[in-house]
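Single-letter residue listing:
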Amino acid sequence: MGTANQIDNVPASACSKHAIRLLQTGETYMCGSAETLLQGMARIGRKGIPAGCLNGGCGVCKVVIRSGSVTKTGAMSRAHVSEQEEAQGVVLACRVAPLGDIDLEVMGCMKKTVLNVQCGAVQTGEPSGISK
Amino acid sequence: MGVMRIGHISIKVMDMAAAVKHYENVLGMKTTHKDAQGNVYLKCWDEWDKFSVILTPSDQAGLNHVAYKVEFDADLDALQKRVEDYGIETEMAPAETLPFVGRMLTFNLPSGHQMRLYAKKEYVGTDVGTMNPDPWPDDIRGAGAHWLDHCLLMCEMNPEQGINKVAENTQFMMEVLDFYLAEQVVVGPNQNIQAATWLFRSSTPHDIAFVAGPRMGLHHFAFFLDSWHDVLKAADIMAKNKVRIDVAPTRHGITRGETIYFFDPSGNRNETFAGLGYLAQPDRPVTTWGEEFLGRGIFYHTGELNAAFTEVYT
């Protein structure tokens, strides 16, 4: 038959998916090997997960890897992750991509929003509140 | 005489190649110098001095210092005396401490941020020159930022402990460096605690600003664009370059600026904003925002605060 609209035979996305488990809640999400743990975590759909600078400088997305391996996708500020911490598996979720299945714990400010506890640093009102 | 405008900002970056690419391709700056320590100096097309941004290699992000230019060399001596009489220690760094810059009066603001004042920096000219100039040059790249416009510094505030570095910085800038107050945000049961201030020496709504936070840091530094159209185009350029945008194009209530906030590859926050806002003058009455209007002040259209905007900084 006649040719339909041209569809390029190139995959739109190509990456393997790994299971990432948040140990504190037991929740699991899938994360591709071409995306960072934070990009995958944002797809859980919880409100208030602080996606900060997404460039390793601000420190809000700190997690600790309890099992599994990750690869670094860029530099992490030493003001937020020291060498000792890094040796113990502390990383910024925006700067690592999974090499396989991962178990992790959320730390610091991020922990307070993922586990629905108010982050006490600055008064910004209710996360989903409407101020008129 | 006295302080004229922001002269330059020196920041830490963790990946120098990525940082230079960002400031050149996204903002449109040009590298004008690299020194033996690996620091990179850049300027915008509409600036006439040698550089307005210094990138320094580091394992962290954040501010090194911010520098403001004064009109006359003698102003440095007069201001040194006023700063010291106020109780703040100063050091007069000799010429060429920074390449191409004369002597610099160096001290810390009450909040702890380092500020420098200088009178001389090497003149190189804008990209359109001074003789019968075009309004813009042919080789504009990226957003084509005109100039470095201002910075916003996060200052520690803790009312229970009686700490308010926003108020302390504001008082210092006004009493010692002759800055004027354009706008302020007031909080607290009596609406009398300054939680944020915008101050000027030029005729724009702010040359520096201070906002309360749990720790000192750099919230952002900003570059000037002409109009809303340029803001939209800048956002397109950021998307093309996979830049992390913090706040998509919108308007601030405070300063009336049309704005985008985004992060450089080390997580330092930048702003591109357009519009004069209003004519800032020494006799202009102060604009005040109450605590419950803070959302409207920062995000005029939605009136809602974005948590990352207030909590994330380097």
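**Considerations on the overall build of chain B**
Part 1: Each helix and strand in chain B was counted, giving 6 helices and 18 strands.
Part 2: The C-alpha radius of gyration computed for chain B amounts to 19 Å, which stays within 12% of the reference 20 Å derived for 314 residues, consistent with globular compactness.
Part 3: Dimensions of chain B, computed from C-alpha atoms along their principal axes, come out at roughly 55 × 45 × 45 Å.
Part 4: Scored against the burial criterion, the 314 residues of chain B give a buried share of 47%.
Part 5: Contacts spanning at least 24 positions in sequence make up 64% of the contacts within chain B whose residues lie at least 6 apart.

**A closer look at the overall build of chain A**
Part 1: What chain A contains, in helices and strands, is 3 helices and 7 strands.
Part 2: Among the 132 residues that make up chain A, the fraction classed as buried is 32%.
Part 3: When contacts within chain A are restricted to residue pairs at least 6 apart in sequence, those whose partners lie at least 24 apart make up 61%.

**Concerning the pairing of strand β15 (residues 245-251) of chain B**
A regular strand places its side chains on the two faces of the sheet in alternate fashion.
Residue and element names in this part refer to chain B.
Part 1: Here β15 pairs with strand β16 (residues 258-263) via 4 bridges, running antiparallel. The residue of β16 that forms the bridge with R251 is E258.
Part 2: Linking β15 back to β16 in an antiparallel pair, the connection comprises 6 residues, with T255 at a positive phi of about 75°.

**Thoughts on the environment of V26 of chain B**
Residue and element names in this part refer to chain B.
Part 1: The topology assignment puts V26 in helix α1 (residues 16-26).
Part 2: When the C-alpha positions of V26 and Y261 are compared, they lie 13 Å apart, and in sequence the two are 235 residues distant.
Part 3: If we ignore the near neighbours within four places in the chain, the residues touching V26 are G142, A143, I237, M238, N241 and V243.

**Here we look at the sheet that holds strand β3 (residues 62-67) of chain A**
Residue and element names in this part refer to chain A.
Part 1: Here 5 strands make up an open sheet; going across it, the order is β2-β1-β7-β3-β5 and the pairing mixed. Since the sheet does not close on itself, it has two edges, and those belong to β2 (28-32) and β5 (90-92), each with one partner. In this sheet, neighbouring strand axes are inclined to one another by 40° on average, regardless of whether the strands run parallel or antiparallel.

**Some details on α1 of chain B**
For the α-helix, the turn length of 3.6 residues means that residues three or four positions removed from each other point alike.
Residues and elements named next belong to chain B.
Part 1: Within the span of α1, buried status applies to A19, H22, Y23 and V26. Viewed along the axis of α1, the buried residues span an arc of 105°, placing them on a single side of the element.
Part 2: In the core, the buried residues of α1 are packed alongside β1 (3-13), β3 (40-43), β4 (53-57) and α4 (228-240).
Part 3: Two residues or fewer after α1 comes G28, characterised by a positive phi angle close to 90°.

**Topic: the domain arrangement of chain B**
Residue and element names in this part refer to chain B.
Part 1: When cut into domains, chain B gives domain 1 (3-118) and domain 2 (148-311).
Part 2: For domain 1 versus domain 2, the distance between C-alpha centres works out to 20 Å.
Part 3: Taken together, the 32 residues of domain 1 in the interface contact 30 residues of domain 2.
Part 4: Breaking the side of domain 1 that touches domain 2 down by element, the ones donating at least two residues are β1, α1, β5 (62-70) and α2 (73-85).
Part 5: The greatest single-element share of the side of domain 1 that touches domain 2, amounting to 8 residues, is contributed by β1.
Part 6: Split by residue class, the side of domain 1 that touches domain 2 holds 21 nonpolar, 8 polar and 3 charged.

**What to know about the confidence of the model for chain B**
Part 1: For chain B, per-residue confidence averages 96 on the pLDDT scale, and residues scoring 70 or more make up 100% of the total.
Part 2: What the predictor reports for the complex is a pTM of 0.88 with an ipTM of 0.77.

**Comments concerning the nonpolar core**
Part 1: The biggest cluster of nonpolar side chains holds 114 residues, and the ones touching the most others in it are A93 of chain A together with V53, V166 and L199 of chain B.
Part 2: Top contributing element to this core by residue count: strand β9 (residues 148-158) of chain B, with 7 residues.
Part 3: Of the residues that make up this core, three or more belong to each of domain 1 (3-118) and domain 2 (148-311) of chain B.
Part 4: Beyond its immediate stretch of four places on either side in the chain, V166 of chain B contacts C155, M157, Q194, A195, A196, T197, F210, V211 and A212 of chain B.

**Looking at the sheet that holds β5 of chain B**
Residue and element names in this part refer to chain B.
Part 1: Strand order in this open sheet of 8 strands is β2-β3-β4-β1-β5-β8-β7-β6, and the pairing throughout is mixed. Each edge of the open sheet is held by one strand with a lone partner, namely β2 (30-34) and β6 (90-93). Ignoring strand direction, the axes of neighbouring strands in this sheet form an average angle of 25°.
Part 2: Pairing of β1 with β4, which is carried by 5 bridges, proceeds in the parallel orientation. Of the residues in β4, the one forming a bridge with I11 is L55.
Part 3: Seen against the sheet, α1 touches β1, β2, β3 and β4 and runs at an angle of roughly 165° to β4.

**What to know about the environment of A222 of chain B**
All names here are of chain B.
Part 1: Considering the arrangement of structural elements, one finds A222 in strand β14 (residues 217-225).
Part 2: Judged by C-beta crowding, with 25 C-beta atoms within 10 Å, A222 ranks as buried.
Part 3: Residues A222 and E271, spaced 49 residues apart in sequence, show a C-alpha to C-alpha distance of 4.3 Å.

**Considerations on the pairing of β1 of chain B**
Residues and elements named next belong to chain B.
Part 1: Most of β1 sits inside the fold, with 8 of its 11 residues counted as buried.
Part 2: Bridge analysis of β1 against β5 gives 8 bridges, and the strand direction is antiparallel. Across the sheet, V3 pairs through a bridge with V70, a residue of β5.

**A closer look at the confidence of the model for chain A**
Part 1: Within chain A, residue pLDDT values average 76, and 69% of them lie at 70 or more.
Part 2: Between residues 117-132 of chain A, whose pLDDT stays under 50, and residues either more than four places distant or in other chains, the model counts 27 contacts.

The rules behind these values
- Residues numbered from 1 in each chain as written.
- Chains lettered and ligands numbered in written order.
- Predicted model: local features only at pLDDT ≥ 70, side-chain atom pairs only at ≥ 80, totals over all residues.
- Helix = DSSP H or I, 4+ residues; strand = E, 2+ residues; numbered from the N terminus.
- Rg over C-alpha atoms; globule rule 2.2 N^0.38 Å.
- Buried ≥ 20, exposed ≤ 12 C-beta atoms within 10 Å, placed from the backbone.
- Contact = placed C-beta atoms within 7 Å.
- Pairing = 2+ DSSP bridges.
- Axes fitted to C-alpha atoms, helices over the stretch in contact; angles between N-to-C directions.
- Arc of directions from axis to C-beta.
- Domains from an automatic or database assignment.
- Nonpolar A, V, L, I, M, F, W, Y, C, P; charged D, E, K, R; others polar.
- pLDDT = per-residue confidence, 0-100.
- Core = buried A, V, L, I, M, F, W, Y, C linked by C-beta atoms within 7 Å.

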